[in-house]
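Understanding the architecture of this molecule
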Amino acid sequence: MKRLFPLLSLFAILVFFVACSPEISFVPVEDPNTEQGGNEDSNNENSSEDDNSKEDEESKEDEKDDNNKEEIGGEEGTEYDNTQPDHGSAGDEIEANTDIDPWTGAVADDAYLDAVGSDNDLFVELNNFSKCVVVRFDGNTATVENSNSSIVSHVNGAYVAIDMVSNCVDGVEIVAMGKSSDGGLKIYGDKKFKLTLNGLDITSKKGPAINSQCKKRVYLNLADGTTNRIADSSTYADDAYTLPGSYDEDRKGAFFAEGHIIVSGHGVLVADGEYKHAIVTDGYYYQRPGSTVVVNSAAKNALHVKGDEEDQIGAWFAGGMFYARVASTAGKGVKRDYDIVIDGGKFDIETSGNAEYDATEADTSSAAGLKSDTHIEINNGELKFKSTGTGGKGINCDGSLTINGGNLNLTTTGKRYEYNKNTTSSPKAIKVDGAIIINGGVIDINVTGASEGSEGMESKSTITFNGGETMIKSYDDGVNATSDITINGGNLYVEGNNASKAKARIKAYALKEPCSSLQPYRNRGHGNSHGL
């Protein structure tokens, strides 16, 4: 502590000086006892503390079948517990905290923003679905109302299959309603179609509750004012009907779609995935304002999106609400192979599963609120992510992260997962392999797990602050970059054992805000140290 306090004080003085000097950059004083580099675990630079090969393998599987207390920086009396933590090693596993509150009825409040655009791929209103099929579930039975003889239906108890592909029928809307504890809806087609849920409540004991084997897009319309519930079971059986000539059909979630999923309407979908994922698409996912999607449980991921390889689109949230509670080991709130773009809406995602070790891949995988294999862009919205398991992440991205706006609240409370001393996964609010660019928004980070590597924001490349307000309270590094940390504007407040760490250098250019903007951030309990 005697060594650390002068170091933090020096950072504060340097930034105050730089903020009033337009063309000054500086290299921080190195801590002689701190190894250079942005690696989470200095004992093995090559050890993979996170998910890259593990997540690649998950995508391949889906294609198939898928010690003392001391005061640090803050106000008098602020303490961190520096006792040696239990890291959750393979031999002494920490039990995950699975006690998370279920959805209480909150819905999207941005329906007024739901305007029809010009892209008929995204807006159902620009398409013609004049042929209507109504499916009514009632206990152990179901009925189909259909006046078009080219559309074939198969009913076995409360399991219904709609065949639009045999006669190549297009322009179809399927309306599903009613309740069954042992039923499901399966759809075959080779043209895009509209699926309206109008007070549906079904649980399938054979496979997905809703299974679209159509490789074209499904316009999922949640009828205004309705709450629709779907669930599958922990084990799958043979489907009641399979189209002749169809083999090796994917079945990976309570709602499964071979094609894109476009969510609209001002209703609610509650999906629980007991077998694997709650909602999964082998295409991309788009959600419009006013719609509400809720996942109370998932055996793996709440929303799993393979994405569109040609357009490099994974998921796009124009608005609405996405709520998820995931207790599974290494489970994700939203997992995408391609880009994630968030233009608005509300997110409330909590994961409580521990990280895990995959012996085949010799790698670790951890839980996360958002996980993308390429790029994440956040332009607006209210995002709340919390991870309570060992090694948990708020945002985890193998590519780059850009934040242009929005309000983000990211919390991790778990400790480090340690399979052995060279193979670990530490909790981080933001963990990105590529560059992190902060252009705007308000970011509030709390990383409370008392273990080495519990960091607020980490990049294996560079971190650049151009604007916005970022508040970080972390047990270990607040901001950690393998290369440069550059501050061109905005406000950054950091409290942690190491306020910031960069392998190359930290550069702070004159902020457009007055020097008073660097005053300590107090009103959210971040103490008196702004770190930089």
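A quick note: this is a predicted structure, and the numbers were derived from the prediction, not measured.

Looking at the overall build of the protein chain
The helix and strand tally for the protein chain stands at 2 helices and 45 strands. Looking at the protein chain residue by residue over its 532 residues, the buried ones come to 58%. Counting every atom, the protein chain has about 20,600 Å² of accessible surface; 44% of that belongs to carbon and sulfur.

Here we look at the pairing of strand β43 (residues 491-495)
Among the 5 residues of β43, 5 are classified as buried, and the element is accordingly described as predominantly covered. Where burial is concerned, the two faces of β43 agree: the one with Asn491, Tyr493 and Glu495 and the one with Leu492 and Val494 are both buried. Relative to β43, strand β40 (residues 469-474) is paired through 5 bridges, and the arrangement is parallel. Note that in β43 the partner of Glu469 across the bridge is Asn491.

Focus: the environment of Gln312
For Gln312, the location among the structural elements is in the loop between β19 (303-305) and β20 (313-317). Leave out the neighbours within four places in its chain, and Gln312 touches Tyr338 and Asp339.

Some thoughts on the confidence of the model for the protein chain
When the pLDDT values of the protein chain are averaged, the result is 81; 74% of them are 70 or greater. Counting interchain partners and residues more than four positions distant, the pLDDT-below-50 stretch residues 1-55 has 132 contacts.

Examining the side chain of Asn301
For Asn301, the position within the fold is in the loop between β18 (292-298) and β19. A polar contact of 3.0 Å, which involves the side chain of Asn301, links it to the side chain of His304. Only 2.9 Å separates the side chain of Asn301 from the backbone nitrogen of Lys332, close enough to count as a polar contact.

Notes on the nonpolar core
If you look at the biggest cluster of nonpolar residues, it comprises 82 residues, and the most contacted ones within it are Ile174, Leu185, Leu195, Ile230, Tyr285 and Phe322. Other than its neighbours up to four places away in sequence, Phe322 contacts Tyr285, Gln287, Val293, Ala302, Leu303, Phe317, Gly333, Val334, Lys346, Phe347, Asp348 and Ile349. Membership of the second largest hydrophobic core comes to 8 residues, among which are Leu122, Val124, Tyr219 and Tyr284.

Here's the deal with the environment of Leu195
With respect to the helices and strands, Leu195 occurs in strand β9 (residues 193-203). Once you skip the residues sitting within four places of it in the chain, Leu195 turns out to touch Ile174, Leu185, Ile187, Ile210, Val218, Tyr219, Leu220, Asn221 and Phe255.

A few points about the packing of aromatic side chains
Applying the stated criterion across every chain, the model contains 10 aromatic pairs. Aromatic side chains Tyr286 and Trp316 sit 5.1 Å apart centroid to centroid with 75 degrees between the ring planes, which places their arrangement in the edge-to-face category. With Tyr286 in strand β17 (residues 285-287) and Trp316 in strand β20, the pair connects residues that are 30 residues apart, well separated along the chain. Here Trp316 falls in the partly exposed class, since its relative accessible area comes to 31%. Residues Phe322 and Phe347 carry aromatic rings whose centres are separated by 6.4 Å and whose planes lie at 40 degrees to one another, so their mutual orientation is tilted. Of this pair, Phe322 sits in strand β21 (residues 321-326) while Phe347 sits in strand β24 (residues 346-351), and the two are 25 residues apart along the sequence. Both residues of the pair, Phe322 and Phe347, belong to the buried class. Its guanidinium or amino end placed over the ring of Tyr159, Lys206 lies 5.4 Å from that ring's centre, counting from NZ or CZ.

Considering the pairing of strand β14 (residues 261-264)
The side-chain alternation of β14 yields two buried faces, one formed by Ile261 and Val263 and the other by Ile262 and Ser264. Judged from the 4 bridges that link them, strand β11 (residues 218-222) and β14 form a sheet pairing that is parallel. Its bridge partner being in β14, Leu220 is matched across the sheet by Val263.

Describing the pattern of salt bridges
Side chains that carry opposite charge are capable of pairing whenever their charged atoms lie near each other. What the rule picks out here adds up to 26 salt bridges. When the shortest N-O distance is used, the salt bridge between Asp250 and Lys252 registers 3.8 Å. Side by side, Asp250 and Lys252 carry an identical accessibility label, which is buried. When the shortest N-O distance is used, the salt bridge between Glu356 and Lys300 registers 3.8 Å.

As for unusual backbone geometry
A negative phi holds for most residues other than glycine; trans holds for most peptide bonds. Of note, the phi angle at Cys168 is positive, near 50 degrees, even though the residue is not glycine. Checked against the element boundaries, Cys168 lands in the loop between β6 (158-163) and β7 (172-180). Taking relative accessible area as the criterion, Cys168 reaches 45% and is therefore assigned partly exposed. Of note, Ala330 is a non-glycine position whose phi angle comes to about 55 degrees, a positive value. Tracing the backbone shows Ala330 in the loop between β21 and β22 (332-336).

Conventions we followed
Residues numbered from 1 in each chain as written. Predicted model: local features only at pLDDT ≥ 70, side-chain atom pairs only at ≥ 80, totals over all residues. Heavy atoms only, no water. Helix = DSSP H or I, 4+ residues; strand = E, 2+ residues; numbered from the N terminus. Buried < 20%, exposed > 50% of the residue type's maximum accessible area, 1.4 Å probe, protein only. Areas by Shrake-Rupley, 256 points an atom, 1.4 Å probe, with all protein chains shown as cover. Pairing = 2+ DSSP bridges. Contact = heavy atoms within 4.5 Å. pLDDT = per-residue confidence, 0-100. Polar contact = N/O pair within 3.5 Å; in protein donor to acceptor, adjacent residues only side chain to side chain. Core = buried A, V, L, I, M, F, W, Y, C linked by side-chain atoms within 4.5 Å. Phe/Tyr/Trp six-rings, centres within 6.5 Å; stacked < 30°, edge-to-face > 60°. Lys NZ or Arg CZ within 6 Å of the ring centre and 35° of its normal. Salt bridge = Lys/Arg side-chain N within 4 Å of Asp/Glu carboxyl O.

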